[in-house]
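Overview (structure and organization)
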Amino acid sequence: MSDKMEINWLKEVKNRRDEIVYELREFLQYDSVYDEKTRKAGAPFGTKIEAALLHLLNLGKKANFSVRNLEGYAGYIEMGQGEESVGILCHIDVVPPGEGWSSPPFAAEIQNDRIVARGALDDKGPTIAAFFAMRIIHELNLSIKRRVRLIIGTDEERNWECVDFYFRHEEMPTVGIVPDADFPIIVAEKGVLDVEVSIPFHDTSEHPVRLQTFYAGERLNMVPDRAIASLICSHESTEAIKASFDHFIEEHQLEGKAKAENGLLMLTLEGKSAHGSTPEKGINAAVKLAQFLHHVNGLSDPFIQFISEHLRETNGAGLSIACSDDVSGPLTMNAGRFAYTYGEAGTIGVNIRYPVTVDIETFLAGLQAHNHRIMNHLKPSYVEKDHPLIRTLQTVYKRQTGEEATLLAIGGGTYARALKTGVAFGPLFPDEEDTAHQKDESISIDQLLRATALYAEAIYELASQ
Ligand SMILES: [Zn+2]
């Protein structure tokens, strides 16, 4: 096949449909969540992630690609020859599944032509899509000038220790794509800042109602979907608080329950989970619960006061850090983890995503008023719109979808910012619902196949330059 215009990429993908679906479902059955307890040499993030990495590398080996395991921190699957390389950065770790799934989160059942599993969209689905894209180029015997390397990250959802390790030992690809966000093309990614705020303990033992504990959320990059508080109060106030809590959840159309047990009044409130980069799409259970507790008679606690005064708006206005730019839009803020036990300082983990052209120092001034420490910082990333990488992806996208390839900016921190010249490209089409990090995460088989075809042509074009 000499003329590349003759290749019907989608047809090539569809010819392999059953195999692609089979391999993705197999791969999704690994519960590759970070596991502190099983960390060891060769498995720095636990044996669950290690098992998924070995499985994928083995697929690469079976396809006659060269593969390498970098001490369990990362791996790669490579094809072709040449000085320069095209990198595809994906990740195989997943966030914990959480509650409320309609089928077991690692069963990868098919419902209405969608594969339902934690990781289906983020990021095992696109990983398998990119892998098959490479296989198609290989199986069609197409000649390429650059090496193509699928770089497999294993710690994307936590600390990115995987890419740190990888780029300490391996070359930077000439250009790269990251199949871990939205189509068409994401050229700008906001800066990401993880901050922990601590609220000093204040003795409230004389108050009629005392906050004993308050907990919500596991991850800074997820909107907490459940918050639990316990109160110590008299029998009369227990009844009054129960009644007003019922009223509150009805008024706000939320779910929750109040229950007296072991001398404590336990309040549980359900919110709605969402990715930390789009906190406005979720309902922060902790913020809602604090909103209720703020108005409870006889209760006055600085932890609750802080939440209701400073964390209500997801644009950071309450923390005096709100800002915006034309390229990437407004700053967003997600309060993702809350921990308080009476007698100790409370802590709140906050995930901030700031616009690409805004200087961090200018908005950080707003945080100075609070006792905080920076836990993690990813600088913004941005590729100019007339770079050959962008132009190639635009051409391919338009040819296959018939749609204009609009250039996007997001708040999500994808691996693109770990690349010198790289952008996020798919897998979510503009008309698809984003279920990443949510219960019943899923990918439609149609979307999976169309994404595979786009990756195949894009990789081929980029590797032919
Ligand atoms: Zn991801």
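The structure this text deals with has already been given above.
Note that this is a predicted model, so its numbers are computed, not measured.

Reading guide: rules and limits
Residues numbered from 1 in each chain as written. Predicted model: local features only at pLDDT ≥ 70, side-chain atom pairs only at ≥ 80, totals over all residues. Heavy atoms only, no water. Donors = N, O, S within 2.8 Å, 3.2 Å for Na, K, Ca; no water. Tetrahedral: all angles 85-135°; square planar, octahedral: opposite > 155°, others 65-115°. Helix = DSSP H or I, 4+ residues; strand = E, 2+ residues; numbered from the N terminus. Buried < 20%, exposed > 50% of the residue type's maximum accessible area, 1.4 Å probe, protein only. Contact = heavy atoms within 4.5 Å. Pairing = 2+ DSSP bridges. Axes fitted to C-alpha atoms, helices over the stretch in contact; angles between N-to-C directions.

**Side note on the coordination of the zinc ion**
The zinc ion binds to the protein through His91 (NE2), Asp122 (OD), Asp180 (OD) and Asp180 (OD); the donor distances cover 1.8 to 2.5 Å. Here the zinc ion is ringed by four donor atoms whose angles at the metal span 53 to 141°, and the overall shape comes out irregular. We note that the donor set of the zinc ion lies within a single chain, spaced as H-x30-D-x57-D. Placement of the pair is His91 in strand S3 (residues 85-91) and Asp180 in the loop between strand S7 (175-178) and strand S8 (181-182), with a sequence separation of 89 residues.

**Comments concerning the side chain of Arg149**
Looking at the element boundaries, Arg149 is found in strand S6 (residues 147-153). For Arg149, a relative accessible area of 6% gives the class buried. Beyond its immediate chain neighbours, meaning those up to four positions away, Arg149 contacts Tyr76, Ile77, Glu78, Val86, Gly87, Ile88, Tyr166, Glu170 and Glu171.

**Overview of the sheet that holds strand S19 (residues 372-378)**
Here eight strands make up an open sheet; going across it, the order is S13-S14-S12-S11-S17-S18-S10-S19 and the pairing antiparallel. Each having just a single partner strand, strand S13 (255-261) and S19 make up the two edges of the open sheet. Within this sheet the neighbouring strands show an average axis-to-axis angle of 20°, counted without direction. In this sheet, strand S17 (residues 332-341) lies alongside strand S11 (residues 210-216) in antiparallel orientation, the contact comprising four bridges. Residue pairing in the sheet places Thr213 in a bridge with Thr341 of S17. Contacting strand S12 (226-232), S13 and strand S14 (264-270), helix H6 (residues 235-251) runs over the sheet at an angle of about 170° to S13.

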